[in-house]
Structures are given as C-alpha cells and as structure tokens.
Amino acid sequence: MFIGIDVGCTHLDLAASAAAPALPRRVPNTAEGIARLVSAVTRLSPTLIVLEATGVYHQPLVATLLAAELPVAVINPAQSAAFRKQHLGRNKTDRADAKLLARFGELHQADLRRAEPQAPDVARLRHLVGYRDDLVAQQTAARNRQHAASWTDSPLVVAWLADDLAQLAARLTQVEREIATVLATIPDSAVLTAQIGVGTMTAAAVLAYLPAGVLGNPKAAAAYAGVHPRQEQSGHRDRSRLSKQGCPAIRRYLYLAAMSAIRFDPEIGAWYRSLRARGKAAKSALCAVAHKLLRRLMGRLRQARAAHATISLPLAA
C-alpha cells in the first residue's frame, strides 16, 4: 500500500493506493493531528509514504514519520505537477493531490530516494544559512534603494538606508559567527573546507541544503543542486546546458566557490582555461567548474566516511 499526503499550513490530506477505511481523510497540521496520522498509518504498514516539499510546513510531519521508522519520500512539487499533466488531471484539490501522490509513489517507488533523519546540528545549520541568505538579499535590496535615493533630493531616506545597512551588517556578522560555531561541531565540514576554493559559508550551505541521503553521492548531489548538464538534441541541433532543476541556493554558493577555485587551485584553473580554449563561453566554463567542484566535495566526503567506518570497526580478538 502506498499513501499520499498533501501538506498544507493548517491541514494534512491523506489518500491510499488501495482501500483503507481506517485511514483518516484529513487531520490538522498540529502535533496532535500528526500523532493521530502516524498512529493510523503505522497500523497499515505502508510500502511508502509520499509527500511534497512545502517549505517548512512538511518538516514536523517528516520528522515524526521518520522517528516512527516509516518509509517516506519527499518529492519536488515539479515532479507531481508533471505527473498530473501526464495523466490529464482536471481537478486540483487537496484530496486529489493526495491521491496523485499515492499513485506517483506506486508507479515510481524504485526511483524515489527515501528520506533520512537530519542530525540536530545540521537542522540548526540549515535554519542559520537560510536566515543568512535572507539577510544578504535584504542587504542587496537596501543598497540598490540607497543608490537610487542618492540620485534624488532625499537625504533623509539615504540616512535611514545607511542605518538599515549598518544593522544588517551587524546581524550578518552575528549569524556568520554562529554558523562557524555550529559548523565546528560537524566533522564533515573539515573535509569540505579542505578543498581549495571552498570556505566556511560554502561548506555550511552544502551541508545545510543537501539532503542527508545525497551527501557522499556525487551524481545525486549534482542533480539535486541542478549543476549537471542537460542534453538537448533535436534534428541538427545538439547542445548541452546547465540543468538548473534543483536548489538555486546551493548553486549560488558553488558559483562563488568556483570563481575562487579557478584563481587559487592550479589544477582547476588549468582545466577552466582549457575549456575556454576549446570555445566554451566563460559562464558555461564556470558552471562546469562548479559541477566538478561539487562532485569532488562529495567524493572527498564519501572517502572520509568510508575511512571513518573502517577505523571504527572493532579489532578481531
């Protein structure tokens, strides 16, 4: 049996791939509602539970399902939207979406990656990195407004914006200090920052934004970040371009890390220049470096974890 859950801010709608009278159709998205849901689902022993990533609204549900040792897959909303179009779905309701997710899980169970519990430090890191990204966006917007105001007769607005920027800079310093503190408690961070071009913020973003099941898997990580090449071939046209079907936040950090690696890593710098010499556009070559950099990071992480597992094994008597 496969169960689909449509996650909303206030309610969770459920549907199963087979008849399940004991399964509630809807529960509130609260601690009490989730507890009732987990109790009912556990008795059914489902093969897989499928739900969409919805910002933060699905996180308490996923954490509780994983704590109950239930199989869960969290999919990208773009996957369910494409599946709905493929099956000519006419209605877009919460109940219909839950049924769609159950059907999607039944047909694509072999291709879906199971969710894994996130370590508390990594979960905290994710919130901090997300908050920092918001602050950087606010800082950029304030700078743009300050620049525009400087061309008008608005000295008061310019002064206010200067105060806003000073407050944002101070808060960014606090947040980045806290990120560095949390990162120091995560052993994987040292493995990532050992790569030339990868600093504290890039390592924090990689650990925060990549799912636990993807870490150490170069191909899956590249696909999740959307830095893998996508082939486009039709008739006489044959080209490849950056996929961008993934997490844009990771791509921003990798792009900056790639610029640093080209400058300070002789091997990557030489490879970048060889791409340019073969006719690659500067931006395309830089994206290729970001892809290579992420795969290297995942390879380093896999080797370090394998070595740690070997060292941790008890010696034979």
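Structure first, text after, so check above.
Let us look at the structure shown here. Here the structure is a predicted model, which means the values were calculated and not measured. (Residues numbered from 1 in each chain as written. Predicted model: local features only at pLDDT ≥ 70, side-chain atom pairs only at ≥ 80, totals over all residues. Heavy atoms only, no water.)

Before going further, it helps to spend a moment on the packing of helix H8 (residues 200-209) against helix H10 (residues 248-264). To describe two helices that pack against each other, one gives the angle between their axes and the distance between the axes. Packing of H8 against H10 brings their axes to within 9 Å, and their N-to-C directions diverge by 150°. Judged by the angle between their axes, H8 and H10 are roughly antiparallel. H10 is crossed by H8, and the crossing has left-handed handedness. Taking contact as the criterion, the partners of Met201, Thr202, Ala205 and Tyr209 in H8 are, on H10, Ala249, Ile250, Tyr253 and Ala257. Each residue belonging to the contact of H8 with H10 can be placed in one class, and the counts come to 7 nonpolar, 1 polar and no charged. (Axes fitted to C-alpha atoms, helices over the stretch in contact; angles between N-to-C directions. Helix = DSSP H or I, 4+ residues; strand = E, 2+ residues; numbered from the N terminus. Parallel < 35°, antiparallel > 145°, perpendicular 65-115°, else oblique. Left-handed = near helix turned anticlockwise from the far one by under 90°. Contact = heavy atoms within 4.5 Å. Nonpolar A, V, L, I, M, F, W, Y, C, P; charged D, E, K, R; others polar.)

Quick look at the layout of surface pockets now. Which parts of space are left empty comes out when a probe the size of a water molecule is rolled across the atoms. Counted as a void, the largest pocket has a volume near 1,800 Å³. As for the largest pocket, its lining consists of 47 residues, of which Ala53, Val74, Arg126, Pro211 and Tyr224 are closest to the centre. Top element by residues in the lining of the largest pocket is helix H5 (residues 120-150). It accounts for 5 residues. Residue classes in the lining of the largest pocket are distributed as 27 nonpolar, 14 polar and 6 charged. (1 Å grid on protein atoms, 1.4 Å probe; cavity = no way out; pocket = protein on both sides within 12 Å on 5 of 7 lines; lining within 4 Å. Points joined across faces, edges and corners; volume = space filled by probe spheres on them.)

It is worth spelling out the pattern of salt bridges at this point. Tallied over the full model, the rule gives 9 salt bridges. Notably, a salt bridge pairs Asp97 with Arg84, separated by 2.8 Å at the nearest N-O pair. Pair noted here: Asp97 is in helix H4 (residues 94-108) and Arg84 is in helix H3 (residues 77-86), with a separation of 13 residues, a long-range link. A single burial state applies to Asp97 and to Arg84, both of which are buried. (Salt bridge = Lys/Arg side-chain N within 4 Å of Asp/Glu carboxyl O. Buried < 20%, exposed > 50% of the residue type's maximum accessible area, 1.4 Å probe, protein only.)

Our focus in this paragraph is the pairing of strand E5 (residues 72-75). In terms of strand pairing, strand E4 (residues 48-52) meets E5 through 4 bridges, oriented parallel. Residue pairing for E5: Glu52 is matched across the bridge by Ile75. A crossover links E4 with its parallel partner E5, the connecting element being helix H2 (residues 59-67), and its sense is right-handed. (Pairing = 2+ DSSP bridges. Right-handed = clockwise from strand over helix to strand, strands pointing away.)

A word on the packing of aromatic side chains. Working definition: an aromatic ring pair is given by the centre-to-centre distance plus the angle between the planes. In total, this model carries 1 aromatic pair according to the counting rule given. Considering the side-chain rings of Phe83 and Phe104, the 5.2 Å spacing of their centres and the 85° angle between planes classify their relative orientation as edge-to-face. Separated by 21 residues along the polypeptide, Phe83 in helix H3 and Phe104 in helix H4 bring together distant segments of the chain. For the residue pair Phe83 and Phe104, the accessibility class agrees, reading buried in each case. (Phe/Tyr/Trp six-rings, centres within 6.5 Å; stacked < 30°, edge-to-face > 60°.)

The subject of this paragraph is the side chain of Asp133. If you trace the backbone, Asp133 turns up in helix H5. Polar side-chain contacts of Asp133 include one of 2.6 Å to the side chain of Tyr209. Sequence-distant contacts of Asp133, that is, excluding residues within four places in its chain, are made with Tyr209, Ala249, Arg252 and Tyr253. (Polar contact = N/O pair within 3.5 Å; in protein donor to acceptor, adjacent residues only side chain to side chain.)

So, on to the packing of H5 against H8. It is the contact of H5 with H8, at a shortest axis distance of 8 Å, that shows an interaxial angle of 120°. Looking at the two axes, H5 sits oblique to H8. Considering only the axes of H5 and H8, their crossing is left-handed. Two secondary-structure elements touch here, H5 through Val122, Leu125, Arg126, Val129, Gly130, Arg132 and Asp133 and H8 through Met201, Ala204, Ala205, Leu207, Ala208 and Tyr209.

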